[in-house]
Amino acid sequence: MKTQFLLFALPIAGACSAAVLAGIPEPDYILHGQMCIAGTPASANDDVTIIAKAIVTSQLREVGRYKMGDNESASDCNGDTDCYVLRVRLETVPSGETPSGTAVVLDRANPALVLVYLIQGDAPQQLITTFRVADSGTIQRLDLRDVPATADLNGDGRKDLSDYQMFRTALQGPDLAPPGACNSADLNGDGHVDMRDFSLMQASFTG
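As the structure is a computational prediction, the values presented were derived from the model and not from experiment. (Residues numbered from 1 in each chain as written. Predicted model: local features only at pLDDT ≥ 70, side-chain atom pairs only at ≥ 80, totals over all residues. Heavy atoms only, no water.)

### Points about the overall build of the chain
Broken down by element type, the chain carries three helices and eleven strands. The order of α-helices and β-strands along the chain, N terminus first, is α-β-β-β-β-β-β-β-β-β-β-β-α-α. When each of the 207 residues of the chain is scored for burial, the buried share is 37%. Considering only contacts within the chain whose residues lie at least 6 apart along the sequence, 55% involve residues at least 24 apart. A total of about 11700 Å² of accessible surface is found on the chain, and carbon and sulfur atoms cover 55% of it. (Helix = DSSP H or I, 4+ residues; strand = E, 2+ residues; numbered from the N terminus. Buried < 20%, exposed > 50% of the residue type's maximum accessible area, 1.4 Å probe, protein only. Contact = heavy atoms within 4.5 Å. Areas by Shrake-Rupley, 256 points an atom, 1.4 Å probe, with all protein chains shown as cover.)

Shown next as structure tokens:
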């Protein structure tokens, strides 16, 4: 009886394995942080949606979405101001298989480019940042803005010493958050104002 059961079970196990290999889900890549609208952190009261898109099956497809206020527990950024929590779906697809069309195909040798869009109310969606996914199960803080970060901190159309003085005031170091929410000196949006931001400012300095 036991031998007959094993012989019967083997083909079933093989069939299941083939089905599972069609697309193995990976742990999500999670982005979180503040979404700043005109320099003010967005909250559940704002009609703001953040969308992640990536090239899947040769087309730009949505791979993640978060509407401000969807996650009531995401309120640890600054008092009662909501964080966004964007889950980017990932999957491993063996050679020759077809991806699902709604997930980033994970290739550690060639990290996938993910584009992050903002939709506010009825306004058209706008691209606000990009990042690359090389691995799954990653949780990354990335503060977002409704306009691309710029080294022109005072908005006078120049990137000069007056902007540098503002930058020096905000410079905190790699382990400290910048003073105030949505600090414009955090040029790379990682939640810190440090030498990595200074290198970006230096590269765009016009005098």
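Having seen the model, we can carry on.
### A word on the pattern of salt bridges
Within the structure shown, the criterion is met by seven salt bridges. For Arg 65, the salt bridge is made with Glu 62, and the minimal N-O distance between the two is 2.9 Å. A salt bridge links Asp 143 to Arg 141; the nearest nitrogen and oxygen atoms lie 3.0 Å apart. Judged by relative accessible area, which is 31%, Arg 141 ranks as partly exposed. (Salt bridge = Lys/Arg side-chain N within 4 Å of Asp/Glu carboxyl O.)

### Here we look at the nonpolar core
With 30 residues, the main nonpolar core has Met 35, Tyr 84 and Val 88 as its most contacted residues. Among the secondary structure elements, those contributing two or more residues to this core are strand 1 (24-33), strand 2 (35-37), strand 4 (48-56), strand 5 (59-67), strand 6 (84-92), strand 8 (112-120) and strand 9 (126-133). In contact with Val 88, not counting residues within four places along its chain, are Asp 28, Tyr 29, Ala 52, Val 63, Val 104, Val 114 and Phe 131. Within the second largest apolar cluster, eight residues are counted, among which are Ala 151, Ala 170, Leu 187 and Met 201. (Core = buried A, V, L, I, M, F, W, Y, C linked by side-chain atoms within 4.5 Å.)

### A short note on the environment of Gln 125
You can see Gln 125 is positioned in the loop between strand 8 and strand 9. Along the backbone, Gln 125 and Ile 51 are 74 residues apart, and their C-alpha atoms lie at a distance of 8.9 Å. Other than its neighbours up to four places away in sequence, Gln 125 contacts Ile 51, Lys 53, Tyr 117, Leu 118 and Ile 119. A polar side-chain atom of Gln 125 sits 3.5 Å from a polar atom in the side chain of Lys 53. (Polar contact = N/O pair within 3.5 Å; in protein donor to acceptor, adjacent residues only side chain to side chain.)

### A short note on the environment of Asp 160
Take Asp 160: it is sitting in the loop between strand 11 (144-145) and helix 2 (161-170). Separated by 44 residues in the primary sequence, Asp 160 and Ser 204 have C-alpha atoms spaced 9.4 Å apart.

### Re the sheet that holds strand 10 (residues 139-141)
Either a parallel or an antiparallel arrangement is found when strands of a sheet pair, and the pairing is made through backbone hydrogen bonds. An order of 7-6-1-10 is seen for the four strands of this open sheet, with the pairing classed as mixed. Looking along the sheet, the strands with just one partner apiece sit at the ends: strand 7 (104-105) and strand 10. (Pairing = 2+ DSSP bridges.)

### Here's the deal with the packing of aromatic side chains
Across all of its chains, the model carries three aromatic pairs by this definition. On the numbers, 5.4 Å between centres and 25 degrees between planes, the contact of Tyr 29 with Phe 131 is stacked. Highlighted residues: Tyr 29 in strand 1 and Phe 131 in strand 9, separated in sequence by 102 residues. By relative accessible area, which is 7% here, Tyr 29 ends up buried. (Phe/Tyr/Trp six-rings, centres within 6.5 Å; stacked < 30°, edge-to-face > 60°.)

### Here we look at unusual backbone geometry
The backbone of Thr 57 shows a phi angle near 50 degrees, a positive value even though the residue is not glycine. Within the secondary structure layout, Thr 57 lies in the loop between strand 4 and strand 5. A positive phi is found at Ser 58, a non-glycine position, where the angle reads about 65 degrees. Here Ser 58 lies in the loop between strand 4 and strand 5.

### Remarks on the pairing of strand 5
As judged from the eight bridges shared by strand 4 and strand 5, these two strands associate in the antiparallel manner. Paired with Ala 54 across the bridge in strand 5 is Arg 61. Linking two consecutive strands that pair antiparallel, namely strand 4 and strand 5, is a turn of two residues; a positive phi of about 50 degrees is found at Thr 57 within it.

### Some points on the side chain of Asp 160
Asp 160 sits in the buried class, given a relative accessible area of 11%. There is a polar contact of 2.6 Å between the side chain of Asp 160 and the side chain of Ser 162.

This is a description of form; function is not addressed.
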